[in-house]
Amino acid sequence: KNTFCKFDGKPNKTLINYPMSREEAIITAAGVIEGNAAVICTTGMASRELFEFRSRDTTGHKRDFLTVGGMGHANQIALGLAMACPDRSVCCFDGDGAMLMHMGSLAVIGQSKCSNLLHLVFNNGVHGSVGGQPTVGFNINIPAIAKACGYANVKCVKTSEDLKFEISNAKSKHGPTLIEVRVSPGNRSNIGRPTTTPVENKIALMDFLKG
């Protein structure tokens, strides 16, 4: 912390023209997926927002694995879990920067044919956890790339209503689903950090999967 100066660049104004923030989209998605689903969340602010929501909601954190410090790897952890637990729904909460970092993962997921894997990419067009530097998330067609890689179902949504509908609709698809969720950049200044360690998080998820 405080090693680098604050990023003073001004992102393109088109980045902010979406109804939902990432936190709002995460809360919406977390409230819709079924109760026995496991959630693998990308590193940074997304994990912090999910953790705070679970704390407020008093549902506990056992079903969520927070990929702390492992940018770009959440979707492959989710794929491994989905393949190992074919009777359980697995949802990956990913970011545009993290997805772009290891784009080859999309091809691996697409060829897996895993019907129980839902891949949500919360695209705010910036690296929101490290200063807000722009990504190319809005300059490429993420659903088209996923479709070409073999995903059975791909969508792009911008509202909470459409997000809820597409998450529910994904359950009937025979193969992995990717939903790009376009959101506004930024986060609350008072967002907290997880109060459990990564090891505690791992053990809690393992216990949840045994249930």
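First, a word on what this report is: a plain description of the structure on this page.

Cut-off values and rules
- Residues numbered from 1 in each chain as written.
- Predicted model: local features only at pLDDT ≥ 70, side-chain atom pairs only at ≥ 80, totals over all residues.
- Heavy atoms only, no water.
- Helix = DSSP H or I, 4+ residues; strand = E, 2+ residues; numbered from the N terminus.
- Rg over C-alpha atoms; globule rule 2.2 N^0.38 Å.
- Buried < 20%, exposed > 50% of the residue type's maximum accessible area, 1.4 Å probe, protein only.
- Pairing = 2+ DSSP bridges.
- Right-handed = clockwise from strand over helix to strand, strands pointing away.
- Disulfide = S-S within 2.5 Å.

Thoughts on the overall build of the chain
Each helix and strand counted, the chain has 8 helices and 8 strands in total. Its C-alpha atoms give the chain a radius of gyration of 16 Å, near enough to 17 Å, the size a compact globule of 211 residues would have. With the principal axes as the frame, the chain shows a C-alpha extent of 45 × 40 × 30 Å. By the burial criterion, 48% of the 211 residues in the chain qualify as buried.

Considering the pairing of strand 1 (residues 38–41)
Every regular strand shows the same layout, with side chains that alternate between the two sheet faces. Where burial is concerned, the two faces of strand 1 agree: the one with Ala 38 and Ile 40 and the one with Val 39 and Cys 41 are both buried. Two elements, strand 1 and strand 3 (residues 90–95), share 4 bridges in a ladder whose sense is parallel. By the bridge assignment, Ala 38 is partnered in strand 3 with Val 90. Note: strand 1 against strand 2 (residues 64–66), 3 bridges, orientation parallel. Within strand 2, the residue paired with Val 39 across the bridge is Asp 64. Handedness of the crossover joining strand 1 and strand 2 through helix 2 (residues 45–57): right-handed.

Details of the state of the cysteines
For the structure on display, the rule yields 0 disulfides. In this structure Cys 41 is a free cysteine whose sulfur lies 7.8 Å from that of Cys 92, the closest cysteine sulfur available. In this structure Cys 85 is a free cysteine whose sulfur lies 10 Å from that of Cys 114, the closest cysteine sulfur available.

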